[in-house]
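# Descriptive structure summary
Each chain, written out:
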Amino acid sequence: MRTHQVSFENRNGHTLRGYVTLPDGEEKVPCVLLLHGFTGTTCGYKGLNTRIARDLAEGGIGCIRFDFYGNGESDGEFEDCTFTGLYEDTEDIFAWIQQQSFADPDHLYLSGQSMGGYVAASCAPKLNPAGLLLICPGAGMWFGCKERAEAVCQGGQNWVDMEGLKYDMAFNFDMASHPMPFEEAKGYNGPVFIARAQDDQLVDDRTLLTYAGCYTNPETLTTECGGHNFTSIPMRHQLTEAMVQFIRKHI
């Protein structure tokens, strides 16, 4: 496999930076756009997204990972990140992939972990990818987001220090203006894969089942353990193996 750094300008003139990981020896390959989670980066927690990208490449599938604007190595500060901007970046990255010589345009898949899964599910009806892979999609962050932001603002400050990141409450107010996640996800009719660990404390089983109800015959994976980030070698292997099998079945 081979991995190289890439960058391009989004619709707002900001540079987004990321990585493309490809299998060796093939010109055009099926590709997955993998979206990172809240406050995350292309690598994912303890390298989860890097692991997914490498295992996909071993299975003959390309993987593209970008930092959203205001995150990681992309332009901007975290406080500049908006929820609507996540959608716009996803659309711009997907369009960028369609123009690349390495990508099979008929087999472009959309995936995301945690918040990235939420965004992927919401963007799928518009982008209509060849398949949708949701990894513990974090729809729960929408519920009560406006009330949490109002509580912070009532304290006389419109931002909080989130472990060194300036988290502006404008992000939450923007998110609250979007429809409920499960309503936003409706309208995508392609194949769907949804994964969650049984001991995930951030995304419960109801979220998985509610998302599953938005689709026709979705495939689901529930690992025995691993938490929100599949933090064990066997559980990560189980996840990536299932993702490869799902994609190859639908090629």
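Residues numbered from 1 in each chain as written. Predicted model: local features only at pLDDT ≥ 70, side-chain atom pairs only at ≥ 80, totals over all residues. Heavy atoms only, no water.

### Here's the deal with the layout of surface pockets
If a probe as big as a water molecule is rolled over the atoms, it shows which places are left empty. The test is simple: In the cavity and pocket records, a cavity denotes points on a 1 Å grid over the protein atoms alone where a 1.4 Å probe fits but cannot get out, a pocket denotes an open set with protein on both sides within 12 Å along at least 5 of 7 lines, and lining residues are residues with an atom within 4 Å of a point. Grid points are joined across faces, edges and corners, and a volume is the space filled by probe spheres set on the points. Each residue receives one of three labels: charged for Asp, Glu, Lys and Arg, nonpolar for Ala, Val, Leu, Ile, Met, Phe, Trp, Tyr, Cys and Pro, and polar for the others, Gly being one of them.
For the largest pocket, the calculated volume is near 490 Å³. By residue class, the composition of the lining of the largest pocket is eight nonpolar, eleven polar and one charged.

### Quick notes on the side chain of Asn 10
Selection criterion: The secondary structure listing takes helices from DSSP runs of H or I that are at least 4 residues long and strands from runs of E that are at least 2 residues long, numbered from the N terminus. Polar contacts, as counted here, are pairs of nitrogen or oxygen atoms within 3.5 Å of one another; within protein the pair requires one atom able to donate a hydrogen and one able to accept it, and residues that are adjacent in sequence qualify only if both atoms are side-chain atoms. Any pair of residues with heavy atoms lying within 4.5 Å of one another is described as a contacting pair.
As for its position among the elements, Asn 10 is in the loop between strand 1 (2-9) and strand 2 (15-22). Separated by 3.0 Å, the side chain of Asn 10 and the backbone nitrogen of Asn 12 make a polar contact. Side-chain polar atoms of Asn 10 contact the side chain of Asp 89, separated by 3.1 Å. Once you skip the residues sitting within four places of it in the chain, Asn 10 turns out to touch Leu 16, Tyr 69, Asp 89 and Asp 92.

### Here's the deal with the pairing of strand 2
We count it as follows: Throughout, exposure labels follow a simple rule: accessible area from a 1.4 Å probe, protein chains only, divided by the maximum for the residue type, with under 20% read as buried, over 50% as exposed, and the rest as partly exposed. For two strands to be treated as a pair, DSSP must find at least two bridges joining them.
Judged by how many residues are buried, strand 2 sits mostly within the fold: six of eight residues are covered. In terms of strand pairing, strand 1 meets strand 2 through eight bridges, oriented antiparallel. Residue Val 6 lies in a different strand from strand 2, and its bridge partner there is Gly 18. In this antiparallel pair of consecutive strands, strand 1 and strand 2, the connection spans five residues, and Gly 13 shows a positive phi of 80°. The pairing of strand 2 with strand 4 (residues 62-66) spans four bridges and is classified as antiparallel. Considered in strand 4, the bridge of Thr 21 is made with Cys 63.

### Overview of the pattern of salt bridges
Threshold: What makes a salt bridge here is a side-chain nitrogen of Lys or Arg within 4 Å of a carboxyl oxygen of Asp or Glu, nothing more.
Per the stated rule, a full pass over the model turns up nine salt bridges. A salt bridge links Glu 91 to Arg 11; the shortest N-O distance between them is 2.9 Å. One end of the pair, Glu 91, is in helix 2 (residues 83-98); the other, Arg 11, is in the loop between strand 1 and strand 2, with 80 residues separating them in the sequence. On the basis of relative accessible area, Glu 91 is assigned to the buried category, the value being 17%. The salt bridge involving Lys 249 is made with Glu 219; its shortest N-O contact spans 2.5 Å. Of the two residues, Lys 249 sits in helix 8 (residues 233-249) while Glu 219 sits in strand 10 (residues 219-223), which places them 30 residues apart along the sequence. Of the residues examined, Lys 249 reaches a relative accessible area of 53% and is grouped as exposed. Among the charged side chains, a network of salt bridges with common partners joins Arg 11, Glu 91, Asp 92 and Lys 126.

### Here's the deal with empty space enclosed by the protein
Taken as a whole and assessed by the stated rule, the structure comprises one cavity of 30 Å³ or more. Quantified by volume, the largest cavity comes out at close to 30 Å³. Broken down by element, the lining of the largest cavity gets its largest block of residues, three residues, from strand 8 (residues 165-168). For the lining of the largest cavity, the class distribution of residues is four nonpolar, no polar and three charged.

### Here's the deal with the packing of helix 1 (residues 48-58) against helix 8
The geometry of a pair of packed helices is captured by two quantities: the angle between their axes and the separation between those axes. Heads up, the rule is: Fitting a line to C-alpha atoms yields each axis, with helices limited to the stretch in contact; the angle taken between N-to-C directions then spans 0 to 180 degrees. Angles below 35 degrees are treated as roughly parallel, those above 145 as roughly antiparallel, those between 65 and 115 as roughly perpendicular, and all remaining angles as oblique. Less than a right angle of anticlockwise turn of the near helix away from the far helix marks a crossing as left-handed, whereas a clockwise turn marks it as right-handed.
Put simply, helix 1 and helix 8 touch, their axes get as near as 10 Å, and they point 45° apart. Judged by the inter-axis angle, helix 1 sits oblique to helix 8. Classified by chirality, the crossing of helix 8 by helix 1 is right-handed. In this structure, helix 1 uses Leu 48, Arg 51, Ile 52, Asp 55 and Leu 56 to contact helix 8, whose residues at the interface are Arg 236, Leu 239, Thr 240, Met 243, Val 244 and Ile 247. A per-class count over the contact of helix 1 with helix 8 returns seven nonpolar, one polar and three charged.

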